[in-house]
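# Tertiary structure, described
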Amino acid sequence: MIKFFKAFPKFVKTALLSIFRHIAMSLSASSAVTITLILFSAFLMIAGNVSLFTNSIENDLQIHVVLKADVKTQKKIDEARDGLEKVNGVRRVTFSDKDNELELMIKEKGKEFEMYRGKDNPLCNAFFVSVKDANQIKAINSQIEQLSFVKQSVYGGSSVSQMISVLNTIRSGGLIFVGLLSLLALFLISNSIKLTIYARNTEISIMRNVGAANWYIKVPFMIEGMLIGLMGAILPCIFTYFGYQYLYDLLNGQIVTSLFALQPIMPFTLQICGILLLGGMAVGLIGSFFSTTKYLRWKR
């Protein structure tokens, strides 16, 4: 280990010299890295915003809990709130008095219900209940229906359950696609770097013949692979930052409505750039490691 750290500055210097000596192959490998990471960046931006959309929709799902007519006083309303908050899985409880309920009905059903404003309002007080996990909304609704002060509890039924299932499918599909694209990026980038290593197998053979240890041969190539990956990730990072900023300003931060708000520029773009830089370096390191290992399998 001590030998490694002592020789590390020399390894870095050797890697930098190799890049400049084989500049054409280095640029070719970094170009492959750049193209692949640009595609990867574009999908990460899409996947990140789709995930935000699905989370926003799930957070907007609520259970409408209508209270019994005798729940009028502040004491009974507070007791009802406490009872709802104690239900397992409830995230937030928002009170809606009967006047607000009527206004919501007028907005939804039509102006003919305006005649019930004032003392003639026949509606009851209610709560809107948000849940921690949208997948549990049906079970939580069933628990709320059993409470003594609840007249009616509605969450949307099977249509909401189907929508939640669709959102889960979209989220899972996005994660799977990111994984597959990551493997594709690893394959394409490592193969490009392998070509630069394979073209220099004579250099590796000479080092072996003069008695160089395996790690002494591998490390400069691995550092070179990391630097090539880093070089290839610079342009995708620029594309990510300025491209997403332009798109965000063009769409005014949302697609059609605030329900489909885009991820904020910061720290979203910095997070993606970090993934691209680390990913490019990691793939360069892995590609170089396996490429050099191929020529070091024979025994001394």
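Residues numbered from 1 in each chain as written. Predicted model: local features only at pLDDT ≥ 70, side-chain atom pairs only at ≥ 80, totals over all residues. Heavy atoms only, no water.

## Points about unusual backbone geometry
A cis amide bond links M266 to the next residue, P267, at an omega of 5 degrees. Residue position: P267 is located in helix α9 (residues 265-294). Of note in the backbone geometry, N252 takes a positive phi value of approximately 60 degrees without being a glycine. The topology assignment puts N252 in the loop between α8 (214-250) and β5 (254-255). (Helix = DSSP H or I, 4+ residues; strand = E, 2+ residues; numbered from the N terminus.)

## Notes on the pattern of salt bridges
Going through the model one piece at a time under the given rule, you end up with one salt bridge. A salt bridge links E103 to R117; the nearest nitrogen and oxygen atoms lie 2.9 Å apart. On the criterion of sequence distance, the pair formed by E103 in helix α4 (residues 98-109) and R117 in the loop between α4 and β3 (126-131) is long-range, its members being 14 residues apart. For E103, a relative accessible area of 35% puts it in the partly exposed group. On the accessibility criterion, R117 (42% relative accessible area) is partly exposed. (Salt bridge = Lys/Arg side-chain N within 4 Å of Asp/Glu carboxyl O. Buried < 20%, exposed > 50% of the residue type's maximum accessible area, 1.4 Å probe, protein only.)

## Concerning the sheet that holds strand β2 (residues 90-96)
Across the sheet, which stays open at both edges, the four strands sit in the order β2-β3-β1-β4 with antiparallel pairing between neighbours. The strands lining the two open edges of the sheet, one partner per strand, are β2 and β4 (150-154). Going from strand to strand, the sheet's axes swing by 20 degrees on average, the running direction of each strand aside. Along the sheet face, α4 touches β1 (62-67), β2 and β3 and points at about 90 degrees away from the line of β2. (Pairing = 2+ DSSP bridges. Axes fitted to C-alpha atoms, helices over the stretch in contact; angles between N-to-C directions. Contact = heavy atoms within 4.5 Å.)

## Here we look at the confidence of the model for the protein chain
Within the protein chain, residue pLDDT values average 80, and 87% of them lie at 70 or more. Ranking the elements of the protein chain by mean pLDDT puts strand β6 (residues 257-261) last, at 69, and helix α3 (residues 74-85) first, at 91. (pLDDT = per-residue confidence, 0-100.)

## Here we look at a negative patch on the surface
Taken together, the side chains of D78, E79, D82 and E85 make up a negatively charged region of the molecular surface. Topologically, E79 is positioned in helix α3. With relative accessibility at 46%, the residue E79 sits in the partly exposed group. (Patch = residues over 30% accessible without salt bridge, like charges linked within 9 Å, V, L, I, M, F, W, Y side chains within 5 Å. Areas by Shrake-Rupley, 256 points an atom, 1.4 Å probe, with all protein chains shown as cover. Lys, Arg positive; Asp, Glu negative; His and termini not counted. Charge placed at Lys NZ, Arg CZ, Asp CG, Glu CD.)

## Observations regarding the packing of helix α7 (residues 201-209) against α8
When two helices pack together, you describe them by how their axes are tilted relative to each other and by the distance separating the axes. Between α7 and α8, whose axes approach to 10 Å, the crossing angle comes to 150 degrees. Classed by the angle they form, the pair α7 and α8 counts as roughly antiparallel. Seen from above, α7 lies across α8 with right-handed handedness. Contacts between α7 and α8 involve E203, I204, M207 and R208 from the first element and N214, Y216, I217 and F221 from the second. (Parallel < 35°, antiparallel > 145°, perpendicular 65-115°, else oblique. Left-handed = near helix turned anticlockwise from the far one by under 90°.)

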